[in-house]
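Structural features, examined
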Amino acid sequence: MNSIQVGVLMGSSSDWDTMQHAVQVLQDFGIEHEARVVSAHRMPDDMFAYAEAAALRGLKAIIAGAGGAAHLPGMLAAKTVVPVLGVPVASKHLSGVDSLHSIVQMPKGVPVATFAIGAAGAANAALFAVAMLACDNPELRHKLEAFRAQQTAAARGMTLPA
């Protein structure tokens, strides 16, 4: 069985500026992951093969970033039972609002969890994947609880010991 638990996919290498924030969170939590460019428009056969093999490979979540037409998250969700977490990537013309609308308007039966546009959405999608994995992993749950405690302390202007 593959040790990779989360796939981070983007429609083009230009999406990396946003999606690197998801990868950083996964690295911080020690989650085995992979990051790939798989375009729904330019590489549909590769995208379908990735989605169809995801569950068999042991993936627990796919974080899919998409700008422009934003078809990647929905197309992946249509071809796999692995949860797909959609991240709208800001575009030049519509600042990612087009991507956000495309991802949240999936038809009934094609679920895609949708996050904020840009870096915050990518980081939150990864944190959501961590939370999903933590349900069955007490060590990971402890790391997530410590992370949240650090966030709360920082909001109060405090620092907790590591």
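Residues numbered from 1 in each chain as written. Predicted model: local features only at pLDDT ≥ 70, side-chain atom pairs only at ≥ 80, totals over all residues. Heavy atoms only, no water.

The next thing to look at is helix 6 (residues 138-155). Working note: α-helix, 3.6 residues per turn, so residues spaced by three or four point in the same direction. Under the 1.5 Å per step criterion, the end-to-end length of helix 6 is 26 Å for 18 residues, consistent within 8% with the ideal 26 Å. Looking only at helix 6, the buried set comprises Leu140, Leu144 and Ala153. In this structure, the buried side of helix 6 is in contact with helix 5 (119-134). Its side-chain oxygen at 3.1 Å from the backbone nitrogen of Glu139, Asn137 defines the N-terminal cap of helix 6. The first or second residue beyond helix 6 is Gly157, which carries a positive phi of 80°. (Helix = DSSP H or I, 4+ residues; strand = E, 2+ residues; numbered from the N terminus. Expected span 1.5 Å × (residues − 1). Buried < 20%, exposed > 50% of the residue type's maximum accessible area, 1.4 Å probe, protein only. Contact = heavy atoms within 4.5 Å. Polar contact = N/O pair within 3.5 Å; in protein donor to acceptor, adjacent residues only side chain to side chain.)

Moving on: the packing of helix 5 against helix 6. For the pair helix 5 and helix 6, interaxial distance at closest approach is 8 Å and the crossing angle is 140°. Compared by their axis directions, helix 5 and helix 6 come out oblique. Handedness of the crossing formed by helix 5 with helix 6: left-handed. Between helix 5 and helix 6, the contacting residues are Leu127, Val130, Ala131, Leu133 and Ala134 on the first element and Leu140, Arg141, Leu144 and Phe147 on the second. (Axes fitted to C-alpha atoms, helices over the stretch in contact; angles between N-to-C directions. Parallel < 35°, antiparallel > 145°, perpendicular 65-115°, else oblique. Left-handed = near helix turned anticlockwise from the far one by under 90°.)

The final tally for this structure, using the stated rule, is three salt bridges. In this structure, Arg36 engages Glu34 in a salt bridge whose closest nitrogen and oxygen atoms are separated by 3.4 Å. The class of Arg36 is partly exposed, set by a relative accessible area of 37%. Under the relative-accessibility criterion, Glu34 is labelled buried at 9%. (Salt bridge = Lys/Arg side-chain N within 4 Å of Asp/Glu carboxyl O.)

Residues in a regular strand project their side chains so that they alternate between the two faces of the sheet. Most of strand 1 (residues 6-10) is tucked away, with five of its five residues classed as buried. Residues Val6, Val8 and Met10 line one face of strand 1 and the alternating positions Gly7 and Leu9 line the opposite face, and both faces are buried. Each parallel crossover has a hand, and the one from strand 1 via helix 1 (residues 16-28) to strand 2 (residues 33-37) is right-handed. Summarising the sheet, strand 1 and strand 3 (residues 61-66) pair through five bridges and their orientation is parallel. What sits directly across from Gly7, in strand 3, is Ile62. (Right-handed = clockwise from strand over helix to strand, strands pointing away. Pairing = 2+ DSSP bridges.)

Let's shift gears to the layout of surface pockets. The calculated volume of the largest pocket comes to roughly 290 Å³. Around the largest pocket, the lining is made up of 19 residues, and of these Gly11, Asp15, Arg42, Gly67 and Gly68 lie nearest the centre. In the lining of the largest pocket, the residues fall into seven nonpolar, ten polar and two charged. (1 Å grid on protein atoms, 1.4 Å probe; cavity = no way out; pocket = protein on both sides within 12 Å on 5 of 7 lines; lining within 4 Å. Points joined across faces, edges and corners; volume = space filled by probe spheres on them. Nonpolar A, V, L, I, M, F, W, Y, C, P; charged D, E, K, R; others polar.)

A sheet is described by the order of its strands in space; here five strands give the open sequence 2-1-3-4-5, paired in parallel fashion. The sheet terminates laterally at strand 2 and strand 5 (113-114), the two strands that pair on one side only. Of the pairings in the sheet, the one linking strand 1 to strand 2 comprises five bridges and is parallel in character. Bridging from a neighbouring strand, Val6 pairs with His33 of strand 2. Against the sheet, helix 1 engages strand 1, strand 2, strand 3 and strand 4 (84-88), with an angle of about 170° to strand 1. Across the sheet, helix 4 (residues 97-104) is in contact with strand 3, strand 4 and strand 5; its angle to strand 4 comes to roughly 155°.

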